[in-house]
Amino acid sequence: MGTAVERFDDKARELFDGIGRNEVYEGELLRHRVYTRFLHWMVALFFFLALFSGFGIYLPWLFRWFTPIFGGGPLSRSMHPWFGLAFVFFFALQILNWITPMKWTPADTRWVRNMKGVISGKEKLEPPETGFFNAGQKIQFWEIVVGCIVYLVTGSVLWLGASVFGRITVAVSYVLHDISALIMLGGIFIHIYLSTIGEPGTFESMTRGAVTESWAWTFHPAWFKQVTGRDPKQAYEEGLHRQQGRQNRP
Ligand code: HEM
């Protein structure tokens, strides 16, 4: 018998699998079900809407050209908090959905210590203990959680204004709100790069929901082992043999 949150997520996953489709072909594994993908793209949509409407408020002299997209400056200003709230709402559902695979483990601490080897590309496979998400992904996830809290608190202060909270609180909130946005934006650039050209094959996990087995044993070996029962190192070597065999064929 799961907790209320687990039961809620299980129901939502089943419901969304009935609405959308997971496309998994031979030699592939299901990675993200419809519900996860729906939440992810809602988060992304409202993140960018909040970002672009926020740019016009942050630096109007530079980003004034963004505001017509939202029907002009004043409308941009009044829609921004609603985009922000929608972003936080969908990310809150994603937190519930991902809370278990995002838990920090001792293997993640070892991953961080060994980060140089992973990032430099010297090692062909991620460390064998790397599960569904690696430590880098978890750090970014928790950074977004903190960012959402900062947006909620400082955003409410900015929304209600100095007449309720006083000028100093509003001034501090501006600074924290903008710092949080800039940190998140930097992280999202890296995230988009890694999810597309940086680690080919990752993007499909958020479109049709599947990844190839070779993607899984390369980037998330412990997860590969958990779902297939096969040894990732051995699967990698067999894959290499098959590839060499194909290349040597006349
Ligand atoms: C065009 C923009 C984006 C693309 C192409 C993209 C792509 C992806 C993909 C392919 C994954 C799955 C990674 C995996 O299974 O290992 C993923 C996961 C994730 N995405 Fe995005 N994403 C985008 C925007 C965003 C935005 C705006 C946010 C939040 C502000 C976000 C937050 C996350 C998080 C927290 C994860 C799980 C951990 C991770 O993989 O880093 N994404 N994204």
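This write-up is about the structure you can find in this document.

Definitions and cut-offs
Residues numbered from 1 in each chain as written. Predicted model: local features only at pLDDT ≥ 70, side-chain atom pairs only at ≥ 80, totals over all residues. Heavy atoms only, no water. Salt bridge = Lys/Arg side-chain N within 4 Å of Asp/Glu carboxyl O. Helix = DSSP H or I, 4+ residues; strand = E, 2+ residues; numbered from the N terminus. Buried < 20%, exposed > 50% of the residue type's maximum accessible area, 1.4 Å probe, protein only. Donors = N, O, S within 2.8 Å, 3.2 Å for Na, K, Ca; no water. Tetrahedral: all angles 85-135°; square planar, octahedral: opposite > 155°, others 65-115°. Near = heavy atom within 4 Å. Polar contact = N/O pair within 3.5 Å; in protein donor to acceptor, adjacent residues only side chain to side chain. Nonpolar A, V, L, I, M, F, W, Y, C, P; charged D, E, K, R; others polar. Core = buried A, V, L, I, M, F, W, Y, C linked by side-chain atoms within 4.5 Å. Contact = heavy atoms within 4.5 Å. Phe/Tyr/Trp six-rings, centres within 6.5 Å; stacked < 30°, edge-to-face > 60°. Lys NZ or Arg CZ within 6 Å of the ring centre and 35° of its normal. Patch = residues over 30% accessible without salt bridge, like charges linked within 9 Å, V, L, I, M, F, W, Y side chains within 5 Å. Areas by Shrake-Rupley, 256 points an atom, 1.4 Å probe, with all protein chains shown as cover.

## Quick notes on the pattern of salt bridges
A side chain of one charge can pair with a side chain of the opposite charge when the charged atoms of the two come close.
Stage number 1. Tallied over the entire structure, the rule returns 8 salt bridges.
Stage number 2. Between Asp 10 and Arg 13 there is a salt bridge, with the nearest N and O atoms lying 3.0 Å from each other. Taken as a pair, Asp 10 and Arg 13 lie in helix α1 (residues 4-19) at a separation of 3 residues, close to a single helical turn.
Stage number 3. A residue is classified by how much of its surface remains accessible, and Asp 10, at 41% relative accessible area, is partly exposed.
Stage number 4. Salt-bridge contacts for Glu 237 lead to Lys 233; the nearest nitrogen and oxygen are separated by 3.8 Å. Of the two residues, Glu 237 and Lys 233 both sit in helix α12 (residues 232-248), 4 residues apart, roughly one turn of that helix.

## Considerations on the coordination of the iron atom of the ligand
Under ideal tetrahedral coordination, the four donors around a metal are separated by 109.5 degrees; under ideal octahedral coordination, the six donors are separated by 90 or 180 degrees.
Stage number 1. Coordination of the iron atom of the ligand by the protein involves His 40 (NE2) and His 191 (NE2), with metal-donor separations of 2.0 Å.
Stage number 2. In this structure, the iron atom of the ligand is coordinated by 6 donor atoms arranged in octahedral fashion, with angles at the metal of 85 to 179°. Of this pair, His 40 sits in helix α2 (residues 34-58) while His 191 sits in helix α9 (residues 167-198), and the two are 151 residues apart along the sequence.
Stage number 3. Judged by relative accessible area, which is 30%, His 191 ranks as partly exposed.

## Observations regarding the site of the ligand
Stage number 1. Not every one of the 23 residues close to the ligand is listed here, only the nearest: Arg 31, His 32, His 40, Gln 137 and His 191.
Stage number 2. Here an oxygen atom of the ligand and a side-chain polar atom of Arg 31 are 2.6 Å apart.
Stage number 3. Contact between the ligand and Gln 137: an oxygen atom at 2.8 Å from a side-chain N or O atom of the residue.
Stage number 4. Elements that contribute at least two residues to the shell around the ligand include exactly α2, α4 (73-98), α7 (135-160) and α9.
Stage number 5. By residue number, the principal contributor to the shell around the ligand is α2, which donates 5 residues.
Stage number 6. Per-class residue counts for the shell around the ligand are 14 nonpolar, 8 polar and 1 charged.

## Quick word on the nonpolar core
Stage number 1. Counting residues in each nonpolar core, the largest one holds 46 residues, and the members touching the most others are Phe 87, Phe 91, Phe 141 and Trp 223.
Stage number 2. For this core, the secondary structure elements donating two or more residues are α1, α2, α4, α7, α9, α10 (213-219), α11 (221-228) and α12.
Stage number 3. Aside from chain neighbours lying at most four places away, what touches Phe 141 is Phe 91, Ile 95, Trp 98 and Met 102.

## A short note on the side chain of Ser 76
Stage number 1. Here Ser 76 is to be found in helix α4.
Stage number 2. The buried category is assigned to Ser 76, whose relative accessible area is 1%.
Stage number 3. Setting aside chain neighbours within four positions, we find Ser 76 in contact with Ser 53, Ile 57, Thr 67 and Phe 70.

## What about the side chain of Ser 173?
Stage number 1. For Ser 173, the position within the fold is in helix α9.
Stage number 2. Accessibility expressed as a relative area gives 5% for Ser 173, which makes it buried.
Stage number 3. When neighbours within four sequence positions are excluded, Ser 173 is seen to be in contact with Thr 154, Val 157 and Leu 158.

## Looking at the packing of aromatic side chains
To describe a pair of aromatic rings, one takes the distance between the centres and the angle between the planes.
Stage number 1. On inspection of all chains with the given rule, the structure shows 28 aromatic pairs.
Stage number 2. Between Phe 55 and Phe 66, the ring centres sit 5.6 Å apart and the planes meet at 15°, which makes this aromatic pair stacked. Here Phe 66 lies in the loop between α3 (60-63) and α4 and Phe 55 lies in helix α2, a separation of 11 residues in the sequence. This pair shows no difference in class: Phe 55 is buried, exactly as Phe 66 is.
Stage number 3. Above the plane of the ring of Trp 223 lies Arg 31, whose end atom (NZ or CZ) is 4.8 Å from the centre.

## Quick notes on a nonpolar patch on the surface
Stage number 1. Side chains of Trp 82, Leu 85, Ile 149, Leu 152, Val 153, Trp 159, Leu 160, Val 164 and Phe 165 sit close together on the surface and give an oily, nonpolar patch of about 880 Å² of accessible area.
Stage number 2. The element contributing the most residues to the nonpolar patch is α7, with 5 residues.
Stage number 3. Within the secondary structure, Leu 85 sits in helix α4.

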